Amino acid sequence: MRALVAALCLLVMMLAPARAQDPGPLQTLLQTHREAIVANSRRAVEPALAEIAKSDAPGLAAVLERWEARDLWYRPADGLFFFATPQGDALALTDIDTGAPAGLAAKTEVEAIRPNSGIRGLIAAALVRFRLTDPATQGAALDAIARGPAPEHLDLLRAALAAGAAAPRLARLERLLTIRFDPDAQARIAAIDSLAGDLGVDARAALNPLVATTLRAAPGSRPPAGEN
């Protein structure tokens, strides 16, 4: 009898309509790009994610992390997104804005958003700006940038420095990317000057292409004796 009562209670909770609430900023943000997120194709997700990543909505980093981890869920009946954890034969839903319980759902009522490796890479890139300012994740973010530097990373590094993330490695990487990507010649020259006497492998990797370009521009030229 107790088992029957428990099963009936679970069924009532699953079938009872959720109390209507105004969506929070994160839910509203995802709803704006719902079709692209649910389509789960890189072509659709890439421009949507670029817009999502510009938001300053509190908790956005956590949503992106759960999305990257394939732990973002969608309920087709009302189009809402949730986090979810297994609870018996059902799923316990969590509000993505408040973290509050949002009821139970049968596993047939919600769908997991399962991004492929390409989309997960895009999400990881969007997370870099959050991870750069978090001491616990900054090292991994800098490693990711160093492995595959891109022009857009320069703005992220500068934003992190402006926000007070003054780790020496972060500042150094900003100088290296300035040399490589900044269109302002004076900014590049200042960055090159800042590496005077630096024998690091990464510094040489940033400067060697400039030397090669100079030699190609002046075939047969050699630096004056005693100068590098």
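Note that the structure is a prediction, hence the values are computed from the model and not measured.

(A) Expanded view of the overall build of the chain. When helices and strands are counted, the chain shows eleven helices and five strands. In the chain, which comprises 228 residues, the proportion classed as buried is 31%. For the chain, contacts bridging at least 24 residues in sequence account for 55% of all contacts bridging at least 6. About 13,600 Å² of surface is accessible on the chain, with carbon and sulfur atoms providing 58% of the total.

(B) Examining the side chain of Thr178 more closely. Structurally, the position occupied by Thr178 is in helix 9 (residues 168-181). In terms of polar contacts, Thr178 uses its side chain to reach the backbone carbonyl oxygen of Glu174, at 2.7 Å.

(C) Representation of the nonpolar core. By size, the foremost hydrophobic cluster in this structure holds 25 residues, and its most contacted members are Leu30, Leu49, Ile52, Leu64, Trp67, Phe81 and Ile96. Listing elements by their share of this core, those giving two or more residues are helix 2 (25-32), helix 4 (42-52), helix 5 (60-68), strand 1 (72-75), strand 2 (80-87) and helix 6 (117-132). Apart from residues lying up to four places away in sequence, Ile96 is in contact with Leu26, Gln27, Leu30, Val63, Leu72, Phe81, Phe82 and Phe83. Counting residues in each nonpolar core, the second largest holds 19 residues, with Val128, Leu132, Leu177 and Ala191 among its members.

(D) Main features of unusual backbone geometry. Despite not being glycine, Asn40 has its phi angle at roughly 60°, a positive value. Mapped onto the fold, Asn40 is located in the loop between helix 3 (34-39) and helix 4. At Arg70, a position not held by glycine, the phi torsion is positive, near 60°. When you line up the elements, Arg70 lands in the loop between helix 5 and strand 1. You can call Arg70 partly exposed: its relative accessible area is 33%.

(E) Inspection of the pairing of strand 1 at higher detail. Burial along strand 1 is two-sided: Leu72 and Tyr74 facing one way and Trp73 and Arg75 facing the other are all buried. Bridge count for strand 1 against strand 5 (residues 111-113) is three bridges, and the pairing is antiparallel. Across the sheet, residue Tyr74 finds its bridge partner in strand 5, namely Glu111. The sheet contact formed by strand 1 and strand 2 spans three bridges and is antiparallel. Counted as the bridge partner of Trp73 is Phe82 from strand 2. With antiparallel pairing between neighbouring strands as the criterion, strand 1 and strand 2 make up a hairpin whose turn holds four residues, including Gly79 at a positive phi of roughly 80°.

(F) Spotlight on the confidence of the model for the chain. For the chain, per-residue confidence averages 83 on the pLDDT scale, and residues scoring 70 or more make up 80% of the total. Every residue in residues 4-20 is under pLDDT 50, and counting partners more than four places away or in other chains gives seven contacts.

(G) Main features of the packing of helix 5 against helix 6. Taken N-terminus to C-terminus, the directions of helix 5 and helix 6 make an angle of 155°; their axes are 10 Å apart at the nearest point. Accordingly, the angle class assigned to the pair helix 5 and helix 6 is roughly antiparallel. The element helix 5 and its partner helix 6 pack so that their crossing is left-handed. Residue-level contacts link Leu60, Ala61, Leu64, Glu65, Trp67 and Glu68 of helix 5 to Arg120, Ile123, Ala124, Ala126, Leu127, Arg129, Phe130 and Arg131 of helix 6. Here the contact of helix 5 with helix 6 is built from residues that sort into nine nonpolar, no polar and five charged.

(H) Structural detail: the environment of Glu174. Note on placement: Glu174 falls in helix 9. Measuring from C-alpha to C-alpha, the distance between Glu174 and Asp155 comes to 8.8 Å, with 19 residues separating the pair along the chain. Those residues within four positions of Glu174 in sequence are excluded, and the remaining contacts are Leu154, Leu157, Arg158 and Leu161. Within the structure, the side chain of Glu174 is placed 2.9 Å from the side chain of Arg158, a separation counted as a polar contact.

Rules of the game
- Residues numbered from 1 in each chain as written.
- Predicted model: local features only at pLDDT ≥ 70, side-chain atom pairs only at ≥ 80, totals over all residues.
- Heavy atoms only, no water.
- Helix = DSSP H or I, 4+ residues; strand = E, 2+ residues; numbered from the N terminus.
- Buried < 20%, exposed > 50% of the residue type's maximum accessible area, 1.4 Å probe, protein only.
- Contact = heavy atoms within 4.5 Å.
- Areas by Shrake-Rupley, 256 points an atom, 1.4 Å probe, with all protein chains shown as cover.
- Polar contact = N/O pair within 3.5 Å; in protein donor to acceptor, adjacent residues only side chain to side chain.
- Core = buried A, V, L, I, M, F, W, Y, C linked by side-chain atoms within 4.5 Å.
- Pairing = 2+ DSSP bridges.
- pLDDT = per-residue confidence, 0-100.
- Axes fitted to C-alpha atoms, helices over the stretch in contact; angles between N-to-C directions.
- Parallel < 35°, antiparallel > 145°, perpendicular 65-115°, else oblique.
- Left-handed = near helix turned anticlockwise from the far one by under 90°.
- Nonpolar A, V, L, I, M, F, W, Y, C, P; charged D, E, K, R; others polar.

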